[in-house]
Amino acid sequence: MIPSSHATRFSPVFSQRNGLVAFLSLAVALIFFALPAGQAYAESDGEWSDIASQVSSRLDEAVTAYESGDSEQAKALVKEARYGIFAGKGLEEEIASQLSGADANKANMDFGLLTKAISDGDDEGVHTRVDNLKQQLSTDAQELDGGSSSGEIGAISPGKWGQTASAMLDLLDQAAQTYADGDAEGAKDLVNEAYYGHYETSGFEKMTMARVSGGRVAGIELEFALIKKAMTEGKDSEVATRIEELKPHLVEDANTLDDFDGTTGESSGAGSSPMTIFLAAFTVILREGIEAMLVVAAVIAYLVKAGHKDKTKVVWAGAVAALVVSGILAVAISKLTGLAGKSQELIEGITALVAVAMLIYVSNWMLGKSDAQAWDKFIKDKTDTSLSKGSLLSLAFVAFLAVVREGAETILFFQPILAMAEGNTRVVWIGLLSGIVALVAVYAIIRLLSIRIPLRPFFLATSILLAILALTFTGSGIRELQEADAVSVTPIEGLPTIDLLGFYPRVENLSAQAVVLVVMIGLFAYGYWRKNRAEAGR
């Protein structure tokens, strides 16, 4: 038993720690909450087949243990195959997002029935379930690796997105022929027309991101870039192979968007159901707004916590100005073809990297304030601490950049959603409003947590959050520049893509993030050194 006097003294400490942990956990949880299923996208050949082979090997071991009379060991091996490899290494998620949710569910059901057959001593059931699992996972893994789908294009939806995919396929075929005729530059122009003129501007990319996953979009975009790279480097066989591997994926996504199963001559129409439209609208606003809201909420909470509640209107003004600018940019991009395609990606990439610089500055500034003597005086005297005009404008500007980075793209996202809704636009606005309510809830929760966390830990947590967002913006900013052909693309085999966290397994993206990380650590170390030096000089 802890004496009551001690308990009274300890409880604020536990409360403070719990509040700090909750604040950081909330930020991470919100990012993953907004992450649609299937954000991981493998960019290596044969990876999923290797994982399927690992599952098969573990299942064979389970059969051997079962036949030797050790049912418990057999069930443990099945559990390891299911949770440690099938789910743990991402094969389940990849099958569900890239191929079929029904396939993923069937595999999980077979795992469960296999465990039951082992418990019941059902010899035939054990062997049947193992054989079914091995065959299904092997087939799915080969398709994920491009083996079974390469060059095999099934029926294409006659709907809107199927027509868009058909136009892209025609352009890719023309690009392949043009390249074979010796005109690499002309071939790259045709690939760009397929990507910028159809995949992006038609809304195909945005709808795939909303209804399938951001990881899927990142993988498709990478394939377009690698086709052009192979053309530049004169890799004839790679050009043909990559084009043939890309085409079935475009058809598959088009069929998903049109809800076309290939067995009838028309789309089922379920793709435009009210629930589908609602989820698309809700997901887009939540996905695009979550990072901006985290930045704005953190900056506002910082000002309130530091006793500058009256100055929060400057930050809100920056956010509102960003919304106005976003609307202007969206109209300009949609109306002026010169701003579409590469120019749009270039604007988004540069804006993201400028935001990174501001996030690094603000994060380091907040971190420095968390240890400054001025805050000790604030805690003791409850007096207002000075905030320079430059620092206030910096906080407003980082909020402006965070919002404008997402704002224009969000508006453009809703154009294909409204088109898909046809006359049922009310559902789109309900989805949009629901997403905005969710973002407001994020803001309210961060404000609530900021009240409970002591001053210094709060500034530390806020600076860490902004540093994480700086790394995220770096990865996505470099990706935008890669889409604009301003930065090269060098993929790294064996790593997943996590789109919302800005993690792309490419040398250029990860190198830029490493540089940003080194800069942030260096600034922190320099600030710590200056603080110690100042204290030693007293």
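Summing up its helical and strand segments, the protein has 19 helices and 0 strands in all. Each of the 538 residues in the protein was classed as buried or not, and the buried ones make up 49%. Accessible surface computed for the protein: about 23800 Å², of which carbon and sulfur atoms make up 60%.

With respect to the element layout, D145 can be found in the loop between α6 (123-144) and α7 (160-180). Taking the relative accessible area as the measure of exposure, D145 reaches 12% and is therefore buried. Considering only alpha carbons, one finds D145 and E47, 98 residues apart in sequence, at a separation of 6.9 Å.

Right, let's get into a nonpolar patch on the surface. Residues L346, I350, V354 and F397 make up a contiguous nonpolar surface patch of about 310 Å² in total accessible area. Examining the composition of the nonpolar patch, we find that 3 residues originate from one element, helix α14 (residues 342-369), more than from any other. Here I350 falls in the partly exposed class, since its relative accessible area comes to 47%.

Let us look at the environment of I227. With respect to the element layout, I227 can be found in helix α10 (residues 214-232). I227 gets classed as buried once you look at its relative accessible area, which sits at 0%. Residues I227 and V239, 12 residues apart in the sequence, show an inter-C-alpha distance of 5.6 Å. Those residues in contact with I227 that sit more than four places away from it in its chain are V191, V239, R242, I243 and L246.

Let us now look at the nonpolar core. In this structure, Y199, F224, M231, L250, V295 and L359 are the most contacted members of the largest nonpolar core, which totals 86 residues. Looking at this core element by element, the count peaks at 20 residues for helix α12 (residues 274-305). In contact with F224, not counting residues within four places along its chain, are M168, L172, V191, A194, Y195, Y199, L246 and L250. Residues V63, Y66, L133 and L137 belong to the second largest nonpolar core, which totals 29 residues.

Attention now goes to helix α9 (residues 204-211). By the criterion of burial, α9 is predominantly enclosed, with 7 of the 8 residues buried. If you check which residues of α9 are buried, you get F204, E205, K206, M207, T208, M209 and A210.

Attention now goes to the packing of α7 against helix α8 (residues 184-200). With their axes 7 Å apart at the nearest point, α7 and α8 run at an angle of 170 degrees to one another. With respect to α8, the axis of α7 lies roughly antiparallel. Within the contact between the two elements, α7 uses T164, A167, M168, L171, L172, Q174, A175, T178 and Y179 and α8 uses A184, G186, A187, L190, V191, E193, A194, H198 and Y199. Looking at side-chain class alone, the contact of α7 with α8 contains 12 nonpolar, 5 polar and 1 charged residues.

So, about the pattern of salt bridges. Going through the model one piece at a time under the given rule, you end up with 18 salt bridges. With a closest N to O distance of 2.2 Å, R479 and E221 form a salt bridge. Placement of R479 in helix α18 (residues 455-483) and of E221 in helix α10 is noted, with a sequence separation of 258 residues between them. Accessibility expressed as a relative area gives 6% for R479, which makes it buried. With relative accessibility at 6%, the residue E221 sits in the buried group. Among the salt bridges present, the one from E483 reaches R479, with a minimum N-O distance of 2.8 Å. In this pair, E483 and R479 are both assigned in helix α18, 4 residues apart and thus about one turn of the helix distant. What emerges from the salt-bridge pattern is a single network uniting R58, E61 and E80.

Time to look at the side chain of S157. Locating S157 in the fold gives a position in the loop between α6 and α7. Engagement of the side chain of S157 in a polar contact is seen with the backbone nitrogen of G159, the distance being 2.9 Å.

Here we take up the packing of aromatic side chains. Ring pairs (aromatic) are described by centroid distance and by the angle formed between their planes. Within this structure, the stated rule accounts for 9 aromatic pairs. Aromatic side chains Y195 and Y196 sit 4.9 Å apart centroid to centroid with 70 degrees between the ring planes, which places their arrangement in the edge-to-face category. Each of the two residues, Y195 as well as Y196, counts as buried. Assessed through its relative accessible area of 3%, Y195 is described here as buried. Three or more aromatic residues link up through ring pairs in this structure, and these residues are W161, Y195, Y196, Y199, F204 and F224.

Each pair of packed helices can be described by the angle between their axes along with the distance between the axes. Between α9 and helix α11 (residues 236-258), the least distance of the axes is 10 Å, while the angle of their chain directions is 70 degrees. Looking at the two axes, α9 sits roughly perpendicular to α11. Two secondary-structure elements touch here, α9 through F204, M207, T208 and R211 and α11 through L250, D253, A254, T256 and L257. The class makeup of the residues in the contact of α9 with α11 is 5 nonpolar, 2 polar and 2 charged.

On the surface, a cluster of negative charge is contributed by E67, D122, D123 and E124. Mapped onto the elements, E124 comes out in helix α6.

Looking now at the confidence of the model for the protein. Summary statistics for the protein give a mean pLDDT of 75 and a share of 74% for residues scoring 70 or more. Segment residues 1-21 is flagged for pLDDT under 50; beyond a separation of four residues in sequence, or across chains, it makes 7 contacts in the model. Predicted confidence for residues 30-45 stays below pLDDT 50, and this span has 63 contacts to residues more than four positions away or in other chains.

The terminal C-alpha atoms of α6 lie 32 Å apart, and with 22 residues this matches the ideal 32 Å at 1.5 Å per residue to within 8%. Those residues of α6 that fall on the buried side of the exposure criterion are G125, V126, V130, L133, Q136, L137, D140, A141 and L144. Looking down the long axis of α6, one finds its buried residues gathered within 145 degrees of arc, a one-sided arrangement. Of the residues in α6, the exposed ones pointing more than 90 degrees away from the buried face are E124 and Q135.

Rules of the game
Residues numbered from 1 in each chain as written. Predicted model: local features only at pLDDT ≥ 70, side-chain atom pairs only at ≥ 80, totals over all residues. Heavy atoms only, no water. Helix = DSSP H or I, 4+ residues; strand = E, 2+ residues; numbered from the N terminus. Buried < 20%, exposed > 50% of the residue type's maximum accessible area, 1.4 Å probe, protein only. Areas by Shrake-Rupley, 256 points an atom, 1.4 Å probe, with all protein chains shown as cover. Patch = residues over 30% accessible without salt bridge, like charges linked within 9 Å, V, L, I, M, F, W, Y side chains within 5 Å. Salt bridge = Lys/Arg side-chain N within 4 Å of Asp/Glu carboxyl O. Contact = heavy atoms within 4.5 Å. Core = buried A, V, L, I, M, F, W, Y, C linked by side-chain atoms within 4.5 Å. Axes fitted to C-alpha atoms, helices over the stretch in contact; angles between N-to-C directions. Parallel < 35°, antiparallel > 145°, perpendicular 65-115°, else oblique. Nonpolar A, V, L, I, M, F, W, Y, C, P; charged D, E, K, R; others polar. Polar contact = N/O pair within 3.5 Å; in protein donor to acceptor, adjacent residues only side chain to side chain. Phe/Tyr/Trp six-rings, centres within 6.5 Å; stacked < 30°, edge-to-face > 60°. Lys, Arg positive; Asp, Glu negative; His and termini not counted. Charge placed at Lys NZ, Arg CZ, Asp CG, Glu CD. pLDDT = per-residue confidence, 0-100. Expected span 1.5 Å × (residues − 1). Arc of directions from axis to C-beta.

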